[in-house]
Amino acid sequence: MKRILIIGAGGQIGSELTALLRSIYGGDNVVATDMRDVESLAETGPFHVLNALDAQAYADLVKKYKIDTIFNLVALLSATGEKIPQKAWEINIGALMNSLEIARECGCALFTPSSIGAFGPSTPKDKTPQDTIMRPTTIYGVCKVTGELISDYYHTRFGVDTRSVRFPGLISSLTLPGGGTTDYAVEIFYEAVKTGHFTCPVPSDVYMDMMYMPDALHACVQLMEADPDKLIHRNSFNIASMSFTPEIICNEVKKLVPGFTMDYQIDPVKEAIARSWPNSLDDTCAREEWGWKPKWDLQSMSVDMLKKIQEKKAKGLI
Ligand code: SER
């Protein structure tokens, strides 16, 4: 990949992925777009306001910049999706279909994230296999499974170079997630620094897979650079690095922030979603087919998150 376009670049993944891709491939070779005007994205390379549902405007940009790789990061997350399911389908699938068609017409490779949300209550819960039952009960998950299938279809039917990973909950100190079931694992660090107390919306005993953002970004780059002849799977790879419950992360934060306290005010929608998702994923295929290997675990991630958020606080940014 040499000429990259990112849609949804202002989101939790996009804001950091744009910076990483620009550092690797050069600022001018990474075109960031978002439906909102995000000034910071224009500081290090080209930026355009783009509604990814506007296929003509989207295709025009791809042609103008002679793009060869698209990162489709447009999506409403799981908890928001349950409030406005029709809209979630329209946005998540609309952006994907435009991306697939433009990739087909213009010969681009296409990365679209899938998620642990693609699994459901009938999926084996522990060490969830790469190829298994996928019957999600959220609109977000339904969109993700659809996305995996249609992306594989575009690969086999039209030869489009579609690739994807199933992201766990992503934890980062830069851009906040919004409307996800796993957001608590980011919020806990902010509240620990700001007030020393966190009220958790997810029950204490629910395991979910999580990942520190640097590992997630590295996965995007590594998969898109992988030798296509080695890829048996495409849409989408299980990747994993850590799995914990609210109680486990609370104890980790307590070790680092003396006096930290946590209580619970359960959000029934988030509880139902969290309980329908796997406890942990088996990522053997990603390790074997393109060398996936995470660097961060719960302990090292927690130390780094708190350090970065404390720095933000010292600068008056939070
Ligand atoms: N972080 C997402 C969510 O909670 C899952 O991919 O919706």
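Above this text is the structure in question.
Colleague: Outline empty space enclosed by the protein, listing residues and values.
Modeller: Inspection of the entire model under this criterion finds 1 cavity of 30 Å³ or more. Within this model, the largest cavity holds a volume of roughly 160 Å³. Lining of the largest cavity is provided by 17 residues; of these, Leu96, Thr112, Pro113, Cys143 and Lys144 occupy positions nearest its centre. Take the lining of the largest cavity: its biggest share by element is 5 residues, from helix α5 (residues 139-158).

Colleague: I'd like to hear about the packing of helix α8 (residues 246-256) against helix α11 (residues 298-314), residue by residue, with values.
Modeller: Contact geometry of α8 with α11 gives a least axis separation of 10 Å together with a crossing angle of 55°. As far as their axial angle goes, α11 and α8 are oblique. Viewed along their axes, α8 and α11 form a crossing whose handedness is right-handed. Judged by residue contacts, Ile248, Ile249, Glu252 and Leu256 of α8 engage Leu298, Gln299, Ser302, Val303 and Leu306 from α11. When grouped by side-chain class, the residues that make up the contact of α8 with α11 number 6 nonpolar, 2 polar and 1 charged.

Colleague: Would you mind going over the sheet that holds strand β5 (residues 109-111) in detail, with residue names and values included?
Modeller: With parallel pairing, the 6 strands of this open sheet are ordered in space as β3-β2-β1-β4-β5-β7. Two strands in the sheet have a free side with no partner beyond their single neighbour: β3 (47-49) and β7 (162-163). Bridging between strand β1 (residues 4-7) and strand β2 (residues 30-34) involves 4 bridges; their strand directions are parallel. Residue pairing in the sheet places Ile6 in a bridge with Ala32 of β2. With respect to the sheet, helix α4 (residues 85-106) is in contact with β1, β4 (69-72), β5 and β7, its orientation differing from that of β4 by roughly 175°.

Colleague: Outline the sheet that holds strand β6 (residues 114-115), supporting the account with residue identities and numerical values.
Modeller: Spatial ordering of the open sheet is given by β6-β8-β12, a layout of 3 strands whose pairing is parallel. Looking along the sheet, the strands with just one partner apiece sit at the ends: β6 and β12 (237-238). Pairing geometry for β6 and strand β8 (residues 165-167), over 2 bridges, is parallel. Opposite Ser115, over in β8, you have Phe167 as the bridge partner.

Colleague: So, the pattern of salt bridges: which residues are in play, and what are the values?
Modeller: Taken as a whole and assessed by the stated rule, the structure comprises 14 salt bridges. Residue Asp161 pairs with Arg163 through a salt bridge whose shortest N-O separation is 2.8 Å. Note on Asp161: relative accessible area 24%, which makes it partly exposed. The shortest N-O distance in the salt bridge between Glu311 and Lys307 comes to 4.0 Å.

Colleague: So what's going on with the site of the ligand? Which residues, and what values?
Modeller: Every residue close to the ligand is listed here: Leu77, Ser78, Ser115, Tyr140, Gly180, Thr181, Thr182 and Trp277. Contacts to the ligand include Thr181, whose backbone N or O atom sits 2.7 Å from an oxygen atom. Within the side chain of Thr182, one N or O atom sits 2.8 Å away from a nitrogen atom of the ligand. For the shell around the ligand, the per-class residue count stands at 3 nonpolar, 5 polar and no charged.

Colleague: Outline the packing of aromatic side chains, listing residues and values.
Modeller: In total, this model carries 8 aromatic pairs according to the counting rule given. An angle of 90° between the planes, with centres 6.1 Å apart, marks the rings of Tyr153 and Phe158 as edge-to-face. Here the aromatic rings of Trp290 and Trp292 are separated by 6.2 Å at their centres, their planes lie at 45°, and the arrangement is tilted. We classify Trp290 as buried; its relative accessible area is 7%. Taken together, the aromatic side chains of Phe71, Phe111 and Phe167 make up a single cluster linked through ring pairs. If you follow Arg104 out to its NZ or CZ, it ends over the ring of Phe158, 5.2 Å from the centre.

What counts, and at which threshold
Counting of residues starts from 1 at the beginning of each chain's written sequence and follows it residue by residue. Under the rules for a predicted model, residues below a pLDDT of 70 receive no local features and side-chain atom pairs below 80 are neither given nor counted, while totals for whole chains, interfaces and linings still include all residues. Here the side-chain values reflect all heavy atoms present in the structure, with hydrogen atoms and water set aside. Grid points spaced at 1 Å over the protein atoms alone were grouped into cavities, where a 1.4 Å probe fits but cannot get out, and pockets, open sets with protein on both sides within 12 Å along at least five of seven lines, with lining residues defined by an atom within 4 Å of a point. Grid points are joined across faces, edges and corners, and a volume is the space filled by probe spheres set on the points. A run of DSSP states H or I qualifies as a helix once it reaches four residues; a run of E qualifies as a strand once it reaches two. Both are numbered from the N-terminal end. To define axes, lines are fitted to C-alpha atoms, for helices over the stretch in contact only, and angles between the resulting N-to-C directions are given on a 0 to 180 degree scale. Orientation is classified from the angle alone, with under 35 degrees giving roughly parallel, over 145 giving roughly antiparallel, 65 to 115 giving roughly perpendicular, and any other angle giving oblique. Each helix crossing is assigned a hand: it is left-handed if the near helix lies turned anticlockwise from the far helix by less than a right angle, otherwise right-handed if that turn is clockwise. For this analysis, residues touch if any pair of their heavy atoms sits within 4.5 Å. Gly falls in the polar group here, along with every residue not listed as nonpolar (Ala, Val, Leu, Ile, Met, Phe, Trp, Tyr, Cys, Pro) or charged (Asp, Glu, Lys, Arg). Here the rule is simple: two strands pair whenever DSSP picks up at least two bridges between them. By definition, a salt bridge exists where a carboxyl oxygen of Asp or Glu is found within 4 Å of a side-chain nitrogen of Lys or Arg. Exposure classes here rest on a 1.4 Å probe applied to the protein chains alone. A residue is buried below 20% of its type maximum, exposed above 50%, and partly exposed in between. Near, as used in this document, describes a residue that has one of its heavy atoms within 4 Å of the molecule or strand being considered. Throughout this description, a polar contact denotes any pair of N or O atoms lying within 3.5 Å of each other; where both atoms belong to protein, one of them has to be capable of donating a hydrogen while the other can accept it, and for residues adjacent in sequence the pair is counted only when both atoms sit in side chains. A pair of Phe, Tyr and Trp rings is counted when the ring centres sit within 6.5 Å of each other, with Trp represented by its six-membered ring. The angle between the planes then sorts it: under 30 degrees is stacked, over 60 is edge-to-face, the rest tilted. Two limits define a charge over a ring: the Lys NZ or Arg CZ must be within 6 Å of the ring centre, and within 35 degrees of the ring normal.

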